[in-house]
Amino acid sequence: MVQIASITFQNTDEARPIIDAVKADNPGIRVMDMPGAVKLDRDDSIVIRRASVEERIGRDWDPQELHLVLVSMAGNVDEDDDTFTLSWSHA
């Protein structure tokens, strides 16, 4: 059975480059635009890459900054200096 990783961001100027990076780096991602929020779902995992966000915002970006625009998430979190991953796998 496939489990769905999910992350929801505020729909703000600060969040849109993160959302765009997630959409570009995660083939098959499903996007639900809601008033004030954007929900991203994907089977098994979602990866947010520092380099992809930095490319869109034109400055250094720390993956911890996503917490400033985060509404909710579902999945196990694995993070380091370059990625923030949500998945249902058990390492």
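So, here's what we can say about the structure.

Procedures and definitions
Residues numbered from 1 in each chain as written. Predicted model: local features only at pLDDT ≥ 70, side-chain atom pairs only at ≥ 80, totals over all residues. Heavy atoms only, no water. Helix = DSSP H or I, 4+ residues; strand = E, 2+ residues; numbered from the N terminus. Rg over C-alpha atoms; globule rule 2.2 N^0.38 Å. Buried < 20%, exposed > 50% of the residue type's maximum accessible area, 1.4 Å probe, protein only. Contact = heavy atoms within 4.5 Å. Pairing = 2+ DSSP bridges. Axes fitted to C-alpha atoms, helices over the stretch in contact; angles between N-to-C directions. Salt bridge = Lys/Arg side-chain N within 4 Å of Asp/Glu carboxyl O. Parallel < 35°, antiparallel > 145°, perpendicular 65-115°, else oblique. Left-handed = near helix turned anticlockwise from the far one by under 90°.

**Points about the overall build of the chain**
Counting its regular elements, the chain contains two helices and seven strands. For the chain, the succession of helices and strands along the chain, N to C, is β-α-β-β-β-α-β-β-β. Taking 91 residues into account, the globule formula puts the C-alpha radius of gyration at 12 Å, and the chain, at 12 Å, falls close to it. If you line up the chain on its principal axes, its C-alpha atoms span 40 × 30 × 20 Å. When each of the 91 residues of the chain is scored for burial, the buried share is 38%. Taking the intrachain contacts of the chain between residues at least 6 apart in sequence as the baseline, contacts between residues at least 24 apart amount to 60%.

**Quick notes on the sheet that holds strand β1 (residues 4-10)**
Strand order in this open sheet of four strands is β2-β3-β1-β5, and the pairing throughout is antiparallel. Strands at the two margins of the open sheet, each flanked by one partner only, are β2 (30-34) and β5 (70-74). Each neighbouring strand pair of the sheet contributes to a mean axis angle of 10 degrees, computed without reference to strand direction. Pairing analysis gives seven bridges linking β1 to strand β3 (residues 37-43), with the strands arranged antiparallel. Bridging across to β3, Thr8 finds its partner in Lys39. Strand contacts of helix α1 (residues 16-25): β1, β2 and β3, with the helix running at about 20 degrees to β3, the strand carrying the most contacts.

**Things to note about α1**
Along α1, the residues that are buried comprise Pro17, Ile18, Ile19, Ala21 and Val22. Looking at the buried residues of α1, the elements they touch are β1, β3, β4 (45-49) and α2 (50-57).

**Observations regarding the pattern of salt bridges**
Summed over all chains, the structure comprises eight salt bridges. The structure contains a network of salt bridges with shared partners spanning Arg50, Glu54 and Asp82.

**Thoughts on the environment of Asp44**
Following the sequence through the fold, Asp44 ends up in the loop between β3 and β4. C-alpha of Asp44 to C-alpha of Gly75: the two residues are 31 residues apart in sequence and 8.6 Å apart in space. The residues contacting Asp44, other than those within four sequence positions of it, are Val2, Gln3, Ile4, Ala5, Leu86, Ser87 and Trp88.

**Focus: the packing of α1 against α2**
Look at α1 against α2: their axes get within 9 Å of each other, and the N-to-C directions meet at 130 degrees. Accordingly, the angle class assigned to the pair α1 and α2 is oblique. As for the relative orientation of α1 and α2, their crossing is right-handed in sense. Residues Pro17, Ile18, Asp20, Ala21, Ala24 and Asp25 of α1 lie in contact with α2, whose contacting residues are Ser52, Val53, Arg56 and Ile57.

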